[in-house]
Amino acid sequence: MLLPFVAMAQTATDVVQPPKEFNPAGWDWAFIAACALTVLIILVIARAFDIGSLTEKVTGKKVIGWTKVNAWLAIIIIIAGAAGITYEMIYHGKLILLNDSASEHGKTIDSMFNWTFGFTFLVFCITEILLFWFMFRYRYREGEKALYYLHNNKLEVFWTIVPAIVLTFLVLRGFNTWSRITDPSKVSKDATQIEVYAYQFGWKARFAGDDNKFGESNFTFISGTNPLGLAVGAEVDSLMAELKRDISKIDILLASAADSSRVWQTALRDLEAKQNTTAYPEVYKDVLTKATDARTGAYVRNLNKDKKRKQTNLWRIAEYKKNKDFFNNAANDDKITTEIVLVKGKEYVFKFRARDVIHSAYMPEFRAQMNVVPGMATQFAFTPIKTTAEARKDKNNKDFDFHLYCNKICGAAHYNMKIKITVVATEQEYKEWLATQTTVVAPPVVETPEAPKTDSVAPATDKTVAVIHN
Amino acid sequence: MSTAALHAEHDAHHHHKESFISKYVFSMDHKMISKQFLITGIIMGILGMGMSLLFRLQLAWPDEQFSILEVLLGKWGAGGKLDPNFYMGLVTIHGTIMVFYVLTAGLSGTFSNLLIPLQLGARDMASPFLNMLSYWFFLTSSVVLCISMMVETGPASAGWTVYPPLSALEKAMPGSGLGMTLWLVAIALFIISSLLGGINYISTVLNMRTKGMSMNRMPLTIWAFFFTAVLGLLSFPVLLGAALFLIFDRSAGTSFYLSDIYLDGVGALENIGGSPVLYQHLFWFLGHPEVYIILMPALGITSEVISTNARKPIFGYSAMVISLMGISFLSFIVWGHHMFITGMNPFLGSVFMILTLIIAVPSAVKVFNYLTTLWKGNLRFTPAMLFSIGLVSFFISGGLTGIYLGNAALDIQLHDSYFVVAHFHLVMGSSAIFGMFAGIYHWYPKMFGRMMNNTLGYFHFWITFITAYLVFFPMHFMGLAGVPRRYYQFTLVKEFDVWMDVNKLITVAAIIAGAAQVLFIYNFFYSIFRGKKAEQNPWQSNTLEWSTPVEHIHGNWPGEIPTVYRGPYEYSRPDREEDFYPQYIPDETSTDPLKSTKAAPAPDTKEPEVEPVNSVFFSALKRVFGWS
């Protein structure tokens, strides 16, 4: 129970007040003055009305008949609201994505939307108009008495049943649409699989190579040169070597921990004695953190934690290495791309995998979205029915591109995490594009006929790094 | 401290009942506690609203520099530009403050505390001591949350839902460090506060009604507070569990929510076997009832205010109670509609869709009943009445879009888009805050013994009402065009450029809305000291609270607690000269209570005549701690 507080206390020592510069000359005085003026005007208006109500009290005469004003404002709201909604629908209505779905199932979603819109907009108009009309019509009149009307069972049953029927209709339709879109058993076996991989902050796509088979992958294999963690023997070997190197480095640090601690304490004392704490705030902060960590033992604790984590990884990788089915070289000819290219009319299954936190693959033009969850496989199947060229023509925008956006808060650069989707008309175009993409492991050099035949496989050093991890 | 010292201290408290500390600070009087909740809620509301204006500035003018930001935020606004990490922090804390601190504690805490004893005819809450604790836990929690915004790494910034792994890993974003720890501490304290309050409300409603106040004579406000408290009591502990697991994952190395994670600069983590979706289930098991915890008190207040000011009985009292009951029950089994596309089994999605759309039926019944209550009424436009009508309008506009989002098929497209932002800001944000305003304007005379200025109230209402629609209505269109929420700026995606003018409109409207709240705050604080003195029953209302003296006294009624003779909404009875018939006035013409009311049964004679000030809880506590 105490742990969170301990953790809090540890981090609390990091909180050093940043140096504060008091520089009124740099302030936007015009803006501040404008704000102050606005508040002042509001207060003056407020005071004016105070005085107004005082006059009412003294003279006994109403200055403004607020009942009438409010009642007429209700009418104005109906008219202005209708005008505003009409304007919005004309002006922005053409920007919304409706009836122009770029995917097959999207059409059913659009039709579902239209049905729902029909019902709800009708109810919206009727109830809102009634609300404000009643407000106008039944405003307070001296001497009148309201109708004493407690309940009417028939009426109440009526307006319970009618929404229930409408909703039943919408539920059944929605149920059908939803199951057709998401049911994994409805996806045909020939559908092309594409792995979509999300990380802070970007997307990668993986296409199966010539063998039409995806290589295995695991998060423990991820390294700078193997961003997707694919089961590529050479990559994993070098990662294991790196982990071993790191562990021995940590061992050296641990052995000299007492010395480092002394060094930092001395450096800290030195800085403080020479009163250099403000002259080099960054250096001072760094040394202070290190000295404090060393004194509290956090330094050694963190090193040990890191070591244990690396040992666990090493062990896990070693266990995977024993499994020959896992390291079957299927990953070698996979292609990792920074763009997704689809063929119009072909069914695709996007298999999602996340590296760090939850992301969401959002393709509004295709009416498709699915969360990308670390530790959990998710998928979304759809068939594009519009090429990029067609969409550009429809939208009358020659720069238009389909995109897959991130739609689940994932960190500072969440707003700039997207990958382009291009839909081409023919299989041929797609193949041409795919041929330009490099494979994970470069294929063995094609031997010239004169060369003597050997049995050796491509040496590990021949591999090229397909994608540079960013 | 020794027991003797405790005794002495407690005695000292007891004998100086009117000392400043015991009257205004550590007060056990429900009326004072309600004022404490309200004022803390208003201060948090100002903070929450101010934050929304800051990030609205960023969204409307992403390339401008506002030196005011550097003045206000220091390094987070360096060069007059809002830091992307702090933008996330602002969004997160804005949501947390508005949902929990303003609309849960500020709304339900204020009015449950004020009205439950007053409208039921009780001397105080079942346990005044727990009630006091509830406020102090809430205040501590508010302070911790405010402190979390001042730590070097910034406040929690994973969105108000704080989904792990983002919120669990310090290295995933700066806000997930100390800021997140403080957020969790604040929420844990808040949950304790809310549970203490909830237990109290439920036991008071069930046990401490005055003679004649049978359950079906309770005002709809009390019904709403009662169901709200039940929802809170059943769902908040689940959030506490979710938060505890998250704390363990963050600090104790467990893997409840974490699995298969590789972090830049760290490497592959050891955690395997956890599920981030588990957190979402636990969170939304609270999260969805929470929406109704926010909304139902506002609906209760609206029922009361509309009936009083329409001078007309609320239409279909039983239907209103049954629909509240239906909403409460259903709200527990619809949480999955927040998770249609999280990778949850699609079949589960279908089930949640069906349950979700059923909840629209009781909501529709409520709207139709409000409309019929207004029909052929004699509407007095007090500011409270206007805000209630505004609430109904928002409830319709925001509620109807729920039918889109509750539909799993449509949610594929709309999930996490601006459509969702528009939906919940209308249906639970704006409408609940309007319910709160209605409550403040209506019961201000009861709270402070003075009247607020009506004219300022009208200005406040119309400006807020129009600007709220200007802010949230265009967002529907953005959402339908596939604009995702929680984006720091839209200029990096050229498809979203067309929405820049709308973003500007929204920001300008939001600033005007913020300015209108200055009117309210001025009116509120000015009237506490200088407002017109209130009459005994300024709105000619039927309910019991208006029979208490204008100047507050401990124990609420100087003499005996009045007996209740009829239901709360007997307005404009044809057989009476006056257009209201208070619950506490004995029937002059008939001695048969059955005939005098709208089919209300005879008063329950088993009700205790004199309510104990201290409840079983309090006396038990006293015994445990050995207090006198």
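Residues numbered from 1 in each chain as written. Chains lettered and ligands numbered in written order. Predicted model: local features only at pLDDT ≥ 70, side-chain atom pairs only at ≥ 80, totals over all residues. Heavy atoms only, no water.

**A few points about the overall build of chain A**
If you tally the helices and strands in chain A, you get eleven helices and ten strands. Looking at chain A residue by residue over its 470 residues, the buried ones come to 41%. Of the accessible surface of chain A, which amounts to about 25,800 Å², a share of 61% is contributed by carbon and sulfur atoms. (Helix = DSSP H or I, 4+ residues; strand = E, 2+ residues; numbered from the N terminus. Buried < 20%, exposed > 50% of the residue type's maximum accessible area, 1.4 Å probe, protein only. Areas by Shrake-Rupley, 256 points an atom, 1.4 Å probe, with all protein chains shown as cover.)

**Focus: the overall build of chain B**
When helices and strands are counted, chain B shows 19 helices and two strands. The buried share of chain B, reckoned over its 628 residues, is 69%. Put simply, of all contacts in chain B between residues at least 6 apart along the chain, 78% involve residues at least 24 apart. On chain B, roughly 19,100 Å² of surface is accessible, and the fraction owed to carbon and sulfur atoms is 68%. (Contact = heavy atoms within 4.5 Å.)

**Here we look at the environment of Phe352(A)**
Residues and elements named next belong to chain A. Tracing the chain through its elements places Phe 352 in strand E5 (residues 348-354). On the basis of relative accessibility, which here comes to 4%, the residue Phe 352 falls in the buried class. The sequence separation of Phe 352 and Ala 205 amounts to 147 residues, and the corresponding C-alpha distance is 9.4 Å. Once you skip the residues sitting within four places of it in the chain, Phe 352 turns out to touch Val 196, Ala 361, Met 363, Met 370, Val 372, Met 376, Ala 377, Thr 378, Gln 379 and Phe 380.

**A closer look at the pattern of salt bridges**
What the rule picks out here adds up to 32 salt bridges over all chains. With a shortest N-O distance of 3.4 Å, Lys395(A) and Glu365(A) are connected by a salt bridge. Highlighted residues: Lys395(A) in helix H10 (residues 388-395) and Glu365(A) in the loop between strand E6 (359-363) and strand E7 (368-372), separated in sequence by 30 residues. The partner of Asp416(B) in a salt bridge is Arg485(B), and the shortest N-O contact between them spans 3.3 Å. Pair noted here: Asp416(B) is in the loop between helix H14 (408-414) and helix H15 (418-448) and Arg485(B) is in the loop between helix H16 (454-480) and helix H17 (500-530), with a separation of 69 residues, a long-range link. Taking the relative accessible area as the measure of exposure, Arg485(B) reaches 12% and is therefore buried. A network of salt bridges, in which partner residues are shared, links Asp100(A), Asp110(A), Glu365(A), Arg367(A) and Lys395(A). (Salt bridge = Lys/Arg side-chain N within 4 Å of Asp/Glu carboxyl O.)

**Section: the interface of chain A and chain B**
Residue-level contacts link 130 residues of chain A with 142 residues of chain B. Here chain A meets chain B over a buried area of about 12,200 Å², counting both sides, of which 70% is carbon and sulfur. Together, Trp178(A), Ile409(A) and Tyr415(A) form the three largest contributors to the area buried by chain A at its contact with chain B, with a combined 7%. Seen at the junction of chain A and chain B, the total is four salt bridges. A salt bridge links Lys285(A) to Glu152(B); the shortest N-O distance between them is 3.0 Å. Where chain A packs against chain B, one counts 39 residue pairs in polar contact (both at pLDDT 80 or more). Tallied by class, residues from the side of chain A that touches chain B come to 75 nonpolar, 32 polar and 23 charged. (Buried area = accessible area lost by both parts, 1.4 Å probe. Polar contact = N/O pair within 3.5 Å; in protein donor to acceptor, adjacent residues only side chain to side chain. Nonpolar A, V, L, I, M, F, W, Y, C, P; charged D, E, K, R; others polar.)

**Observations regarding a nonpolar patch on the surface**
Taken together, the side chains of Leu122(A), Val123(A), Ile126(A), Ile129(A), Leu130(A) and Trp133(A) present a nonpolar region at the surface, about 510 Å² in accessible area. You can call Leu122(A) exposed: its relative accessible area is 53%. (Patch = residues over 30% accessible without salt bridge, like charges linked within 9 Å, V, L, I, M, F, W, Y side chains within 5 Å.)

**Structural notes on the packing of helix H7 (residues 257-273) of chain A against helix H8 (residues 281-296) of chain A**
All names here are of chain A. The contact between H7 and H8 brings their axes to 9 Å, and the two run at 140°. Classified by the angle between their axes, H7 and H8 sit oblique to one another. The way H7 lies across H8 gives a crossing that is left-handed. Residues Ser 261, Trp 264, Gln 265, Ala 267, Leu 268, Leu 271 and Glu 272 of H7 touch H8, and the partners they reach there are Val 283, Tyr 284, Val 287, Leu 288, Lys 290, Ala 291, Ala 294 and Arg 295. Class assignment of the residues belonging to the contact of H7 with H8 gives a composition of ten nonpolar, two polar and three charged. (Axes fitted to C-alpha atoms, helices over the stretch in contact; angles between N-to-C directions. Parallel < 35°, antiparallel > 145°, perpendicular 65-115°, else oblique. Left-handed = near helix turned anticlockwise from the far one by under 90°.)

**Considering the pairing of strand E4 (residues 339-343) of chain A**
Here is the key point about a regular strand: its side chains alternate between the two faces of the sheet. Residues and elements named next belong to chain A. When you tally the buried positions in E4, you get four out of five residues, the bulk of the element. Inspection of the sheet shows E4 paired to strand E10 (residues 418-424) by five bridges, in the parallel sense. Considered in E10, the bridge of Val 343 is made with Val 424. (Pairing = 2+ DSSP bridges.)

**Things to note about empty space enclosed by the protein**
Residues and elements named next belong to chain B. Enumeration according to the criterion identifies eight cavities of 30 Å³ or more in this entry. Empty space within the largest cavity amounts to approximately 180 Å³. Lining the largest cavity are 18 residues, with Thr 104, Ser 108, Ser 194, Gly 198 and Tyr 201 sitting closest to its centre. For the lining of the largest cavity, the secondary-structure elements that each account for two or more residues are helix H5 (84-120), helix H7 (178-207) and helix H8 (220-251). For the lining of the largest cavity, the class distribution of residues is eight nonpolar, ten polar and no charged. (1 Å grid on protein atoms, 1.4 Å probe; cavity = no way out; pocket = protein on both sides within 12 Å on 5 of 7 lines; lining within 4 Å. Points joined across faces, edges and corners; volume = space filled by probe spheres on them.)

**Describing the sheet that holds strand E3 (residues 335-337) of chain A**
Residues and elements named next belong to chain A. Across the sheet, five strands lie side by side as E3-E2-E1-E5-E8; this open sheet has mixed pairing. Either end of the sheet is taken by a strand with one partner, and the two such strands are E3 and strand E8 (378-382). The sheet shows a mean angle of 25° between the axes of neighbouring strands, taken without regard to direction. As paired elements, strand E2 (residues 202-207) and E3 share three bridges and run antiparallel to each other. Across the sheet, residue Phe 207 finds its bridge partner in E3, namely Lys 335.

**Quick word on the sheet that holds strand E9 (residues 402-406) of chain A**
Residue and element names in this part refer to chain A. Ordered by their spatial adjacency, five strands build an open sheet running E4-E10-E9-E6-E7, and the pairing between neighbours is mixed. What marks the edges here is a single partner per strand, and that holds for E4 and E7. Between one strand axis and the next, the sheet turns through 20° on average, direction left out of account. Relative to E7, E6 runs antiparallel, the two being bridged by five bridges. Counterpart to Met 363 in the pairing with E7 is Ala 368. Lying over the sheet, helix H11 (residues 427-436) contacts E4 and E10, oriented at roughly 155° with respect to E4.

**Points about the packing of aromatic side chains**
Centre distance and the angle of the planes are the two values used to describe a pair of aromatic rings. As enumerated under the stated definition, the model contains 96 aromatic pairs over all chains in all. The interplanar angle of 45° and the centroid separation of 4.9 Å between the aromatic rings of Phe394(B) and Tyr469(B) together place this pair among those described as tilted. You can see Phe394(B) sitting in helix H13 (residues 383-405) and its partner Tyr469(B) sitting in helix H16, a full 75 residues away along the chain. For the residue pair Phe394(B) and Tyr469(B), the accessibility class agrees, reading buried in each case. Note that Lys395(A) overlies the ring of Phe400(A), its terminal NZ or CZ placed 5.1 Å from the centroid. Seen from the ring of Tyr581(B), Arg576(B) lies directly overhead, with NZ or CZ sitting 3.7 Å from the centre. (Phe/Tyr/Trp six-rings, centres within 6.5 Å; stacked < 30°, edge-to-face > 60°. Lys NZ or Arg CZ within 6 Å of the ring centre and 35° of its normal.)

**Let's talk about the confidence of the model for chain A**
Residue and element names in this part refer to chain A. Of all residues in chain A, 87% attain a pLDDT of 70 or more, and the chain-wide mean is 85. Confidence drops under a pLDDT of 50 for residues 1-17, and excluding neighbours within four residues, the segment shows 19 contacts in the predicted structure. Of the regions scoring below 50 in pLDDT, residues 451-470 engages in 23 contacts with residues more than four places distant in sequence or in other chains. (pLDDT = per-residue confidence, 0-100.)

**Things to note about helix H11 (residues 346-358) of chain B**
For H11(B), built from 13 residues, the straight-helix expectation of 18 Å at 1.5 Å per residue is met to within 8% by its first-to-last C-alpha distance of 19 Å. All of the buried residues in H11(B) are Gly349(B), Ser350(B), Phe352(B), Met353(B), Thr356(B) and Leu357(B). Residues of H11(B) that are buried in the fold lie against helix H5 (153-182) of chain A together with helix H12 (360-374), H13 and H14 of chain B. Among the residues of H11(B), the N-terminal cap falls to Asn345(B), whose side-chain oxygen and the backbone nitrogen of Phe347(B) are separated by 2.9 Å. (Expected span 1.5 Å × (residues − 1).)

**Things to note about the pairing of E8(A)**
Residues and elements named next belong to chain A. In terms of residue burial, E8 counts as a mostly covered element, since four of its five residues are buried. Of the pairings in the sheet, the one linking E5 to E8 comprises five bridges and is antiparallel in character. Within E8, the position partnered with Lys 351 by the bridge is Gln 379.

**Topic: unusual backbone geometry**
Residue Phe201(A) follows Gln200(A) across a cis peptide bond; omega there is -5°. Tracing the backbone through its elements, the reader meets Phe201(A) in the loop between strand E1 (192-199) and E2. Pro165(B) follows Pro164(B) through a cis peptide bond whose omega is 5°. Mapped onto the elements, Pro165(B) comes out in the loop between helix H6 (128-148) and H7.

**Section: the nonpolar core**
Side chains of nonpolar character tend, in soluble globular proteins, to be buried together. Of all hydrophobic cores here, the largest spans 280 residues; its most connected members are Trp203(A), Ile340(A), Phe350(A), Leu404(A), Phe100(B), Tyr101(B) and Phe524(B). When residues in this core are grouped by element, the largest group, 21 residues, is from H5(B). Two domains share this core, each providing at least three of its residues, namely domain 2 (64-182) and domain 3 (190-229 + 334-442 + 463-470) of chain A. (Core = buried A, V, L, I, M, F, W, Y, C linked by side-chain atoms within 4.5 Å. Domains from an automatic or database assignment.)

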